[in-house]
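Listed here are the chains, written in short residue letters.
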Amino acid sequence: GPLVQEKTRYYAARPEYLQRIFDRSRLYLFHIVEEIEKRGLPTELALLPMVESAFNPMAYSRAHASGLWQFIPGTGKRFELEQNWWYDARRDIVDSTDAALDYLTKLHKMHGDWHLALASYNWGENAVARAVAKNRRAKKPTNYSSLRMPRETQQYVPKLQALKNIIANPDQYGIDLRPIPNLPYFALITETPDMD
């Protein structure tokens, strides 16, 4: 739709910004895609941290959301992301990816629709459920584009789709994408020495 076209033009007009995001994503995409494929989820979900945090694991929002996947403290705790003085698992790539994919799977089961699951991830599952119920009572469509949502949530899926469009066909938008090696960037260490 027109909002996707608008967001595609917006990103395509900022190649330096896109390149920064793509360069950051190189560190984490192999792991994220591997986890998504294990679960049989849509591969496009690997691009969600581009919308959420621009692939900055230290990103922190005014709503106190943190990490690549931008978990707020309460949702992080619900998905067992430890948060204390020394450690914030919302910034842990492996733990937060696992939690985000668990949460997205739960939201998809709740709504049976990926667009509504993504809206719930951004706006909150109860807010989306109320908007769906309100439209249902008014005998209106209950799909993503028919719901009254905050502006940020209205633009959430179009941003993701715009990024997918650009990545799928970068030449069409004058964007130069360097290939990402199909190799892990980091390794998991299960036994770590004690460190301050």
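Located above this text is the structure these notes cover.
Residues numbered from 1 in each chain as written. Predicted model: local features only at pLDDT ≥ 70, side-chain atom pairs only at ≥ 80, totals over all residues. Heavy atoms only, no water.

This next bit is on helix 1 (residues 2-12). Those residues of helix 1 that fall on the buried side of the exposure criterion are Val4, Lys7, Thr8, Tyr11 and Ala12. End-on view of helix 1: buried residues confined to an arc of 130 degrees, all on one side of the axis. Residues Pro2, Gln5 and Arg9 are exposed on helix 1 and point more than 90 degrees away from its buried face. Elements that come into contact with the buried residues of helix 1 comprise helix 2 (15-25) and helix 10 (156-168). (Buried < 20%, exposed > 50% of the residue type's maximum accessible area, 1.4 Å probe, protein only. Helix = DSSP H or I, 4+ residues; strand = E, 2+ residues; numbered from the N terminus. Arc of directions from axis to C-beta. Contact = heavy atoms within 4.5 Å.)

Time to look at the packing of helix 1 against helix 10. In the contact formed by helix 1 and helix 10, the axes pass within 8 Å of each other and the chain directions differ by 55 degrees. One element, helix 1, and the other, helix 10, form an angle in the oblique class. Judged by the twist between their axes, the crossing of helix 1 over helix 10 is right-handed. Facing helix 1, whose interface residues are Leu3, Val4, Lys7, Thr8, Tyr11 and Ala12, helix 10 presents Pro158, Lys159, Gln161, Ala162, Leu163, Asn165 and Ile166. (Axes fitted to C-alpha atoms, helices over the stretch in contact; angles between N-to-C directions. Parallel < 35°, antiparallel > 145°, perpendicular 65-115°, else oblique. Left-handed = near helix turned anticlockwise from the far one by under 90°.)

This brings us to the layout of surface pockets. Taken as a whole, the largest pocket holds about 750 Å³ of empty space. Taken together, 28 residues form the lining of the largest pocket, with Glu52, Ser61, Gln70, Asn122 and Glu152 sitting closest to its centre. Every element with two or more residues in the lining of the largest pocket is listed here: helix 1, helix 4 (48-52), helix 7 (114-123), helix 9 (151-154) and helix 10. Per element, the largest residue contribution to the lining of the largest pocket is four residues, and it comes from helix 7. Residues of the lining of the largest pocket, tallied by class, amount to 15 nonpolar, eight polar and five charged. Size it by volume and the second largest pocket reaches roughly 520 Å³. Broken down by secondary-structure element, the contributors of at least two residues to the lining of the second largest pocket are helix 2, helix 3 (29-39) and helix 10. Broken down by element, the lining of the second largest pocket gets its largest block of residues, five residues, from helix 3. A class-by-class count of the residues in the lining of the second largest pocket yields 12 nonpolar, four polar and seven charged. (1 Å grid on protein atoms, 1.4 Å probe; cavity = no way out; pocket = protein on both sides within 12 Å on 5 of 7 lines; lining within 4 Å. Points joined across faces, edges and corners; volume = space filled by probe spheres on them. Nonpolar A, V, L, I, M, F, W, Y, C, P; charged D, E, K, R; others polar.)

Looking now at the environment of Tyr11. Counting through the fold element by element, Tyr11 comes out in helix 1. The spatial distance from the C-alpha of Tyr11 to the C-alpha of Leu163 is 7.5 Å, given a sequence separation of 152 residues. Excluding anything up to four places from it in sequence, Tyr11 contacts Tyr17, Leu18, Lys159, Ala162, Leu163 and Ile166.

The subject of this paragraph is the packing of aromatic side chains. For the structure shown, the criterion picks out five aromatic pairs. Their ring planes at 75 degrees and their centres at 5.5 Å tell us that Tyr10 and Tyr11 sit as a pair that is edge-to-face. For Tyr10, a relative accessible area of 38% gives the class partly exposed. A centroid spacing of 4.9 Å and a plane angle of 45 degrees characterise the contact between Phe79 and Tyr103, whose relative ring orientation is tilted. Taken together, the positions of Phe79 in the loop between helix 5 (73-78) and helix 6 (93-111) and Tyr103 in helix 6 put the pair 24 residues apart, joining distant regions of the chain. The class for Tyr103 is buried, based on a relative accessible area of 5%. An aromatic cluster is present here, built from Phe71, Phe79, Tyr103 and Tyr121 joined pairwise through their rings. Taking NZ or CZ as reference, Lys7 lies 5.8 Å from the ring centre of Tyr10, over its face. (Phe/Tyr/Trp six-rings, centres within 6.5 Å; stacked < 30°, edge-to-face > 60°. Lys NZ or Arg CZ within 6 Å of the ring centre and 35° of its normal.)

Applying the stated criterion to the full structure yields nine salt bridges. With a shortest N-O distance of 2.6 Å, Arg39 and Asp102 are connected by a salt bridge. In this pair, Arg39 sits in helix 3 while Asp102 sits in helix 6, placing the two residues 63 residues apart along the sequence. When its relative accessible area of 29% is taken as the criterion, Arg39 is described as partly exposed. Given a relative accessible area of 35%, Asp102 falls into the partly exposed group. A salt bridge links Asp88 to Arg90; its shortest N-O distance comes to 2.7 Å. Note on accessibility: Asp88 and Arg90 belong to one class, buried. Put simply, Arg39, Asp98 and Asp102 are held in one network by salt bridges that share partners. (Salt bridge = Lys/Arg side-chain N within 4 Å of Asp/Glu carboxyl O.)

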